[in-house]
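Observations on chain architecture
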Amino acid sequence: MVNPSLSLSPSRRTSHSAINHSPSSGIGVFIILPLSFLICCLPTLPLLQANRHTIILMQTSQNRATRTFMDYDSISQAMDGICGLYERKLKELNPAIRNITYDIADLYNFMDGLADLSALVYDHSIQAYLPYDRQWIKQRTFRHLEKLAH
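Just so it is clear, the structure is predicted and the values come from calculations on it, not from any experiment.

Definitions and limits used
Residues numbered from 1 in each chain as written. Predicted model: local features only at pLDDT ≥ 70, side-chain atom pairs only at ≥ 80, totals over all residues. Heavy atoms only, no water. Phe/Tyr/Trp six-rings, centres within 6.5 Å; stacked < 30°, edge-to-face > 60°. Helix = DSSP H or I, 4+ residues; strand = E, 2+ residues; numbered from the N terminus. Buried < 20%, exposed > 50% of the residue type's maximum accessible area, 1.4 Å probe, protein only. Lys NZ or Arg CZ within 6 Å of the ring centre and 35° of its normal. Contact = heavy atoms within 4.5 Å. Pairing = 2+ DSSP bridges. Axes fitted to C-alpha atoms, helices over the stretch in contact; angles between N-to-C directions.

Observations concerning the packing of aromatic side chains
- Under the counting rule described, the total for this entry stands at four aromatic pairs.
- Both rings, one in tyrosine 86 and one in phenylalanine 110, keep their centres 5.1 Å apart while their planes meet at 40°; by these two values the pair is tilted. Taken together, the residues span a long stretch of sequence, with tyrosine 86 in helix H2 (residues 75-93) and phenylalanine 110 in helix H3 (residues 104-113) at a distance of 24 residues. The exposure classification of tyrosine 86 matches that of phenylalanine 110, with both residues buried.
- Here tyrosine 122 and tyrosine 129 contribute two aromatic rings whose centre-to-centre distance is 5.2 Å and whose plane-to-plane angle is 65°, an arrangement assigned as edge-to-face.
- These aromatic residues form a ring-pair network of at least three members: Tyr86, Tyr102 and Phe110.
- Lysine 138 extends its terminal NZ or CZ atom over the ring of tyrosine 108, reaching a point 5.4 Å from the ring centre.

Structure (structure tokens):
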């Protein structure tokens, strides 16, 4: 599924965060959330991790036509999805190798090689999606893989 009209404004370090969905008509819808509101809700986040709908937004190259999104029922499934993308890419590049192994640095390099990578995660307490950047995705992927290893 490709949705070239979906874009994410970078998180601001001022008193607000914003999510921007710009339909092809050029009309933008902004959701402005005060950071103080987000901070008060942070302690409840671990309780709701299991079923937080997550949308991964990515652009594989500088060509805007490569923008796409993938949606998952949870953060964990989204992290599995990103790992799966990388594993499929490795198999594509190395079709003769049956068992391909990689480490976290290889996965991070794959993520850094994408023109854009971000996530929107649904927060039940405010009934809205919160934006997260590439660094957050890397941290969450690492934590997810750590849990799988134990």
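Having seen the model, we can carry on.
Considerations on the environment of methionine 58
- For methionine 58, the location among the structural elements is in strand E3 (residues 54-59).
- In sequence terms methionine 58 and threonine 68 are ten residues apart; their C-alpha atoms lie 5.6 Å from each other.
- Excluding anything up to four places from it in sequence, methionine 58 contacts Thr66, Arg67, Thr68, Met70, Leu85, Leu114, Asp116 and Leu117.

Observations regarding the sheet that holds strand E4 (residues 67-72)
- Spatially, four strands are ordered E4-E3-E5-E6 in an open sheet, and the strand pairing comes out antiparallel. On the outer flanks of this sheet lie E4 and strand E6 (128-132), each paired with one strand and no other. In this sheet, neighbouring strand axes are inclined to one another by 20° on average, regardless of whether the strands run parallel or antiparallel.
- Here strand E5 (residues 116-123) runs beside E6; their pairing, made up of five bridges, is antiparallel.

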